[in-house]
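Chain by chain, the residues:
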Amino acid sequence: AKRPLEMCAYSVAVIDERDLPDNHWAGLQQVKSWGFRINPEMRKARGVEECLEAYTELMEKRDSLPYEIDGIVFKVDRLDLQQRLGFVSRAPRWAIAHKFPAQEELTVIEDVEFQVGRTGAVTPVARLKPVFVGGVTVSNASLHNMDEIRRLDAHIGDTVFIRRAGDVIPQVVKVVAEKRPENAREVVLPEHCPVCGSDVVQIEGEAVARCSGGLYCPAQRKEAIRHYASRKALDIEGLGDKWIDILVGHELVETVADLYRLKKQDLVGLERMGDKSASNLIAAIDRSRQPVLWKFLYALGIREVGEATAKSLASFFGTLEAIASADEETLQSVPDVGPIVAGHIRSFFEQPHNQETLTALQDAGVQWQDEVIEESEKPLQGQTWVLTGTLSEMTRDEAKEQLESLGAKVSGSVSKKTACVVAGEAAGSKLAKAEQLDVPVLDEAGLLALLKQHGLEA
């Protein structure tokens, strides 16, 4: 009631088709006759020239309208043609937006600060002399990265054109070089993270510079803990985003090592944390104290080191110490590890803060398992398996992990090269394709028997 909101109908979602005209325009006129408001600026146009004429006329009226708009939408009128054209994902093929040029204003870059995002990206942000543009007052604008600063030739003290990209995100468009003052200062990428002091690194070929203090950096803290506790990493059940926010907010956890120092009495009394919830969370954390090497390596959140790369590294080196001490040339001997990934791994383990966190994890009782099955000992080495349907004794991820421990590669699609398909309940197209290609099929009981034969349990 305090804001005189108005809604203009622009489509009909569900209605008995017998009551609806066969074109969009007439349908909206019927909606209007029922008492709904439709936008009075709408019009019919035939052909490209009339569409462009409508676009030009509305753009000229833009500033006089009592609401913000950023363009015009052209729609196919006939409903049967809309049906034939259909959708791409959620976007209709029968409608297209034609945006107006963004409104621009002049202002001055008063300073450039560097912010650190949750993934470690070090982003330059221009602090601007406040300026009103596109309906809002803008005082900050991202400069994205050093490449963009060099492209713009932006200096602190420069006069610049600002616009809101898509009428939303403030953007520096152009520097007015002739207005540059004599005391203008060059923008320099910091050598150390402005938050934690770790080295700022920029891999050759990448535009974004990053803080290398992943496990330690407060700016990356929540993301590092969330990844460490995630299902595919150490799978600490119950430690989701909500509890991570609470634990970090109450300064109970700064790094992942602090998780293992938590006691039940630290948790009881926190928001929504009762006696049972506290006991369950402590128990889940305790169960993660002896992870297999590849899961621990993946949990560390080293840039570009996903599950497959973590497994390759664990199989190749056998111990975390060997991975941490390997040079970039040796790291590149591992399948899937190229120069960029090798650089990220070396940078991670060279940072004193990360070394301190690893030592703190050991001191807190975390002991990753370095035992690695030799390639020659793996009975399914070189075979490709596929999982489909629902398993009752284990999850698909657990089954995948067990098969991979026997040397198999687990794929998401069936082909002539597939060695075997494991079909759980409600198996669908993958099972049908396996039968069509005469690929061997195991049910869950058969999988369990195979695992037991090789000393593994569900």
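What counts, and at which threshold
Residues numbered from 1 in each chain as written. Predicted model: local features only at pLDDT ≥ 70, side-chain atom pairs only at ≥ 80, totals over all residues. Heavy atoms only, no water. Helix = DSSP H or I, 4+ residues; strand = E, 2+ residues; numbered from the N terminus. Rg over C-alpha atoms; globule rule 2.2 N^0.38 Å. Buried < 20%, exposed > 50% of the residue type's maximum accessible area, 1.4 Å probe, protein only. Contact = heavy atoms within 4.5 Å. Areas by Shrake-Rupley, 256 points an atom, 1.4 Å probe, with all protein chains shown as cover. Lys, Arg positive; Asp, Glu negative; His and termini not counted. Charge placed at Lys NZ, Arg CZ, Asp CG, Glu CD. 1 Å grid on protein atoms, 1.4 Å probe; cavity = no way out; pocket = protein on both sides within 12 Å on 5 of 7 lines; lining within 4 Å. Points joined across faces, edges and corners; volume = space filled by probe spheres on them. Nonpolar A, V, L, I, M, F, W, Y, C, P; charged D, E, K, R; others polar. Phe/Tyr/Trp six-rings, centres within 6.5 Å; stacked < 30°, edge-to-face > 60°. Axes fitted to C-alpha atoms, helices over the stretch in contact; angles between N-to-C directions. Parallel < 35°, antiparallel > 145°, perpendicular 65-115°, else oblique. Left-handed = near helix turned anticlockwise from the far one by under 90°. Salt bridge = Lys/Arg side-chain N within 4 Å of Asp/Glu carboxyl O. Pairing = 2+ DSSP bridges.

*Asks:* Looking at this structure, how should I read the overall build of the protein?
*Replies:* Each helix and strand counted, the protein has 17 helices and 17 strands in total. For 458 residues, the compact-globule estimate of 2.2 N^0.38 gives 23 Å, and the C-alpha radius of gyration of the protein, at 29 Å, exceeds that figure by more than 25%. With respect to the three principal axes, the spread of C-alpha positions in the protein is 75 × 70 × 50 Å. Looking at the 458 residues of the protein, the share that counts as buried comes to 40%. Put simply, 56% of the contacts in the protein that link residues at least 6 apart link residues at least 24 apart. As displayed, the protein has an accessible area near 26,300 Å², and 49% of this comes from carbon and sulfur atoms. Of the side chains in the protein, 54 bear a positive and 71 a negative charge, and the two mean positions are spaced by 6 Å.

*Asks:* How should I be thinking about the environment of G455 in this particular structure?
*Replies:* Mapping G455 onto the fold places it in the segment after helix 17 (444–453). Expressed as a C-alpha distance, the spacing of G455 and T357, which sit 98 residues apart in the sequence, is 35 Å.

*Asks:* I tried to follow empty space enclosed by the protein on my own but got confused; where do I start?
*Replies:* The gaps left among the atoms become clear once a water-sized probe is rolled over them. For the coordinates displayed, the defined rule picks out one cavity of 30 Å³ or more. Of the volumes computed, that of the largest cavity is approximately 30 Å³. Together, F114, V122, P124, N145, M146, L189, Q202, A207, V208 and A209 line the largest cavity. For the lining of the largest cavity, the class distribution of residues is eight nonpolar, two polar and no charged.

*Asks:* I would appreciate a short explanation of the packing of aromatic side chains in the present structure.
*Replies:* Aromatic ring pairs: the centre-centre distance and the angle between the two ring planes describe each pair. If you walk through the whole model with that rule in mind, you get six aromatic pairs. Summarising the aromatic geometry, the rings of Y55 and F100 are spaced 5.1 Å apart at their centres and angled 45° between planes, so their arrangement reads as tilted. In this pair, Y55 is assigned in helix 2 (residues 47–61) and F100 in the loop between strand 4 (95–99) and strand 5 (104–116), connecting sequence segments 45 residues apart. The pair Y55 / F100 is uniform in exposure class, with both members buried. Judged by centre distance (4.4 Å) and plane angle (15°), the rings of F296 and W368 are stacked. Here F296 is found in helix 9 (residues 293–299), whereas its partner W368 is found in the loop between helix 14 (352–363) and strand 14 (384–388), with 72 residues between them in sequence. For the pair formed by F296 and W368, the shared burial category is buried.

*Asks:* Quick question: what am I supposed to make of the packing of helix 5 (residues 221–229) against helix 6 (residues 241–249) here?
*Replies:* Each packed pair of helices is defined by two parameters, the angle between the axes and the distance between the axes. The contact between helix 5 and helix 6 brings their axes to 10 Å, and the two run at 135°. The angle between helix 5 and helix 6 places the two elements in the oblique class. In the packing of helix 5 onto helix 6, the handedness of the crossing is right-handed. Packed against helix 5, whose contacting residues are R221, K222, I225 and R226, the element helix 6 presents D241, I244, D245 and V248 at the interface.

*Asks:* Explain the pattern of salt bridges here, please?
*Replies:* Opposite charge on two side chains makes pairing possible when the charged atoms of those side chains draw close. What the rule picks out here adds up to 24 salt bridges. Of the charged contacts in the structure, one is a salt bridge between R261 and D258, with a shortest N-O distance of 3.0 Å. Its relative accessible area of 40% is what places R261 among the partly exposed residues. Note that D275 and K264 form a salt bridge whose closest N and O atoms lie 2.9 Å from each other. Note that D275 is positioned in helix 8 (residues 275–286) and K264 in helix 7 (residues 264–267), a separation of eleven residues in sequence. Look at D275 and you get partly exposed, because its relative accessible area is 46%. Judged by its relative accessible area of 31%, K264 falls in the partly exposed class.

*Asks:* Looking at this model, I keep getting lost on helix 15 (residues 396–405). Mind explaining?
*Replies:* Residue pairs three or four apart in sequence face the same way in an α-helix, which turns once every 3.6 residues. Residues of helix 15 that are buried: A399, Q402, L403 and E404. Where the residues of helix 15 are buried, they touch helix 10 (307–317), strand 14, strand 15 (409–411) and helix 17. Directly beyond the C-terminal end of helix 15, a positive phi value near 105° is found at G407.

*Asks:* Could you clarify how one ought to interpret the pairing of strand 1 (residues 71–75) in this entry?
*Replies:* For a regular strand, side chains alternate in direction, first toward one face of the sheet and then toward the other. Of the two faces of strand 1, the one lined by I72 and F74 is fully buried and the one lined by G71, V73 and K75 carries no buried residue. Here five bridges tie strand 1 to strand 4, and the two strands are oriented antiparallel to one another. Opposite G71, over in strand 4, you have K99 as the bridge partner.

*Asks:* Which parts of the structure should I look at to understand unusual backbone geometry?
*Replies:* Across residues other than glycine, the phi torsion is negative in most instances, and most of the peptide bonds are trans. Positive phi, normally seen in glycine, also occurs at E304, with a value near 70°. Note on placement: E304 falls in the loop between helix 9 and helix 10.

*Asks:* Hey, could you run me through the pairing of strand 16 (residues 420–423) in this one?
*Replies:* The alternating pattern of strand 16 places C420 and V422 on one face and V421 and A423 on the opposite face, and all of these are buried. Bridge count between strand 14 and strand 16: four bridges; the pairing is parallel. What sits directly across from T388, in strand 16, is A423. The pairing of strand 16 with strand 17 (residues 441–442) spans two bridges and is parallel.

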